[in-house]
Amino acid sequence: MMRLPPFRYLAPVSVTDAVKLMADHGPEAMLVAGGTDLYPNMKRRQFEPTVLVGLRGVRDLTGVRREGTGALAIAAGTTLTAVSRHPEVRARYSALAIAAGAVSTPQLRNMGTIGGNVCVDTRCNYYNQSYQWRKAVNFCMKKDGEICLVAPGSPRCWAVSSSDTAPVLWSLGASVRLAGPAGERTIPIAALYQDDGIQYLTKQPGEIVTEILLPPADGLRSVYLKLRRRGSFDFPVLGVAVALTIDGETVSRARIVLGAVASLPREAAEAGRLLVGQRLGPELIARVADAVARPAKPLDNTDLTHPYRKKMTRVFVARALRRLAGLPEETE
Ligand SMILES: Cc1cc2nc3c(=O)[nH]c(=O)nc-3n(C[C@H](O)[C@H](O)[C@H](O)COP(=O)(O)OP(=O)(O)OC[C@H]3O[C@@H](n4cnc5c(N)ncnc54)[C@H](O)[C@@H]3O)c2cc1C
Ligand code: SF4
């Protein structure tokens, strides 16, 4: 049995106190929300904090509210179950309800939070293993080692962004509110990520995600499709998030973002542009699906083979667009 290493658990009741505790303890400390990702990772010694700053007792970090600007603000400590069941999320941002409801299992969704989900660690077959397993292969540069075992000549880590909600939030044009020692700031969620399997977040380690802000939906249609081996429990090995607005018969805004294909969610910007100003019919859908799949280069470091995942990118994008167009799925 894998055991947790010893650590001190601090339980602030306000964001201000949590920020201060993180600053006081520096690199020794990590934030923990539901702990559904961090605790297993600590058991495998992928992280070895001696102090955990727990966010579960911070009252301001739960709940969903409407801002004066019309944005929907989801506090970072809101559980995935609550997000997936929230009536306004279901009605106006349906892809987010689908993605939050597709994470792992009901037990983990009852504990896991949306803040933890957008910050969740990147994954790789050579890294998500026990300490002994990793030691037997001489470790890799993400933790304890020198080289990348997937691409030994590479100077960087290619571990895969595996959050279900991150690509969806990006497609919906969401922002994140951060609190840190220098105060509060709000950035587009796209700016929270960078293409590096180790430093996959741009925020400072002591900064706390306090809220996710969704812009007014205004006729937005959205969907999320997830590829994984089992219908439950598993992380995505491909996530396809599509959000678009159709005015009359014409697409006026479109964003397609892929999950689990790189160290960050990957927007297919060119494919999104192909949709704008057009009528969403079968021919356009086929062209857009090709445009998304062509540059997609999944690596051989997650479940299922990478050629299969590349093929499925095309299939899933077409399926998602057909669903939003109200076309039957079988004829794609
Ligand atoms: C068996 C299993 C299956 C899983 N399947 C999936 C899946 O299908 N899809 C998926 O997306 N995830 C999956 N997960 C991962 C995890 O359960 C979810 O991502 C969950 O949403 C994490 O939220 P949490 O609150 O438990 O985060 P925690 O484990 O508490 O934290 C995760 C990371 O986020 C940081 N963090 C947490 N909250 C904040 C905050 N407010 N501000 C800044 N940093 C913060 C922590 O420091 C840590 O680095 C799975 C995990 C397990 C064990
Ligand atoms: S991509 Fe390479 S460095 Fe990164 S976790 Fe996998 S083997 Fe390690």
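Summary of the structure given here. Here the residue numbering is sequential within each chain, running from 1 through the sequence in written order. Chains and ligands are labelled by the order in which they are written, letters from A for the one and numbers from 1 for the other. A pLDDT threshold of at least 70 governs which residues receive local features in this predicted model, and a stricter bar of 80 or more applies before side-chain atom pairs are shown or counted, although totals over entire chains, interfaces and linings include all residues. The side-chain quantities take in all heavy atoms of the structure and omit both hydrogens and water.

## Some thoughts on the site of ligand 2
No. 1: In the region of ligand 2, 13 residues are neighbours, and Cys-124, Cys-140, Cys-148, Cys-157 and Trp-158 sit closest.
No. 2: Residues were grouped as follows: Ala, Val, Leu, Ile, Met, Phe, Trp, Tyr, Cys and Pro as nonpolar; Asp, Glu, Lys and Arg as charged; and all remaining residues, including Gly, as polar. The residue inventory of the shell around ligand 2, partitioned by class, reads 11 nonpolar, one polar and one charged. Residue proximity to a molecule or strand is established when one non-hydrogen atom of the residue lies within 4 Å of it.

## A look at helix H11 (residues 282-293)
No. 1: Counting from the N terminus, the helices are DSSP H or I runs at least four residues long and the strands are E runs at least two residues long. Multiplying 1.5 Å by the residue count of a helix minus one yields the expected span of that helix. For H11, which comprises 12 residues, the first-to-last C-alpha distance of 17 Å matches the rise-based estimate of 16 Å (1.5 Å per residue) to within 8%.
No. 2: Taken as a whole, H11 has its buried residues at Leu-284, Ile-285, Val-288, Ala-289, Ala-291, Val-292 and Ala-293.
No. 3: The contact criterion used is simple: two residues touch if any of their non-hydrogen atoms lie within 4.5 Å. Residues of H11 that are buried in the fold lie against strand S11 (250-259), helix H10 (269-275) and helix H12 (306-325). A 1.4 Å probe rolled over the protein chains alone gives each residue an accessible area, and that area as a share of the maximum for its type sets the label: buried under 20%, exposed over 50%, partly exposed in between.

## Here's the deal with the site of ligand 1
No. 1: Neighbouring ligand 1 are 34 residues, the closest being Leu-31, Ala-33, Thr-36, Thr-113 and Asp-164.
No. 2: In protein, a polar contact means a hydrogen-donor-capable atom and an acceptor-capable atom, both N or O and within 3.5 Å, with residues adjacent in sequence counting only if both atoms are side-chain atoms; elsewhere, any N or O pair within 3.5 Å suffices. Contact between ligand 1 and Lys-226: an oxygen atom at 2.8 Å from a side-chain N or O atom of the residue.
No. 3: A distance of 2.9 Å separates an oxygen atom of ligand 1 from a polar atom in the backbone of Asp-234.
No. 4: When isolated, ligand 1 has an accessible area of 970 Å², and the protein chains bury 92% of it.
No. 5: The set of elements that each furnish at least two residues to the shell around ligand 1 consists of strand S2 (29-32), helix H7 (114-118) and strand S8 (208-214).
No. 6: Looking at side-chain class alone, the shell around ligand 1 contains 17 nonpolar, 11 polar and six charged residues. Note on areas: Shrake-Rupley, 1.4 Å probe, and residue coverage restricted to the protein chains presented here.

## Considering the sheet that holds strand S3 (residues 51-54)
No. 1: Pairing between two strands requires that DSSP report at least two bridges joining them. Read across the open sheet, the three strands follow the order S1-S3-S2; overall the sheet is parallel. Both outer strands of the open sheet, strand S1 (8-10) and S2, are each paired with one neighbouring strand and no more. Each strand axis lies, on average, 30 degrees off the axis of its neighbour in the sheet, ignoring direction.
No. 2: Both S2 and S3 contribute to a ladder of four bridges, which runs parallel. What sits directly across from Met-30, in S3, is Leu-52. Lines are fitted to the C-alpha atoms to define the axes, a helix being fitted only along its stretch in contact, and any angle between axes, read from their N-to-C directions, falls within 0 to 180 degrees.

## Some remarks on a nonpolar patch on the surface
No. 1: Like charges are joined within 9 Å and nonpolar side chains (Val, Leu, Ile, Met, Phe, Trp, Tyr) within 5 Å, but only among residues with over 30% relative accessible area and no salt bridge; these make up the patches. One side-chain nitrogen of Lys or Arg within 4 Å of one carboxyl oxygen of Asp or Glu is enough to make a salt bridge. A cluster of nonpolar residues, Tyr-126, Trp-133 and Val-137, forms a patch on the protein surface that exposes about 230 Å² of accessible area.
No. 2: Checked against the element boundaries, Trp-133 lands in helix H8 (residues 131-136).

## Quick word on the pairing of strand S5 (residues 72-75)
No. 1: Judged by which residues are buried, S5 turns out to be covered on both faces: Leu-72 and Ile-74 on one side and Ala-73 and Ala-75 on the other are all buried.
No. 2: Bridge count between strand S4 (residues 64-66) and S5: three bridges; the pairing is antiparallel. When the sheet's bridge partners are listed, Val-64 is paired in S5 with Ile-74.
No. 3: The hairpin turn running from S4 into S5, its antiparallel successor, is five residues long, and Gly-70 in that turn takes a positive phi close to 95 degrees.
No. 4: As judged from the four bridges shared by S5 and S8, these two strands associate in the antiparallel manner. Paired with Leu-72 across the two strands is Leu-214, which belongs to S8.

## Notes on the sheet that holds S8
No. 1: Read from one edge of the open sheet, five strands run S4-S5-S8-S6-S7, paired in antiparallel fashion. In the strand order of this sheet, the two ends are held by S4 and strand S7 (183-188), each with one partner. In this sheet, adjacent strand axes meet at a mean angle of 25 degrees when their direction is disregarded.
No. 2: Its contacts with the sheet put helix H1 (residues 15-25) on strand S6 (175-180) and S8, and the angle it makes with S8 is roughly 135 degrees.

## Describing the pattern of salt bridges
No. 1: By the definition in use, this model includes 21 salt bridges.
No. 2: A salt bridge links Glu-211 to Arg-65; the nearest nitrogen and oxygen atoms lie 2.8 Å apart. Of this pair, Glu-211 sits in strand S8 while Arg-65 sits in strand S4, placing them 146 residues apart in sequence.
No. 3: A salt bridge links Asp-144 to Arg-134, with the shortest nitrogen-to-oxygen separation between them at 3.3 Å. In this pair, Asp-144 is assigned in the loop between H8 and helix H9 (165-171) and Arg-134 in helix H8, connecting sequence segments 10 residues apart.
No. 4: When its relative accessible area of 41% is taken as the criterion, Asp-144 is described as partly exposed.
No. 5: You can call Arg-134 buried: its relative accessible area is 2%.

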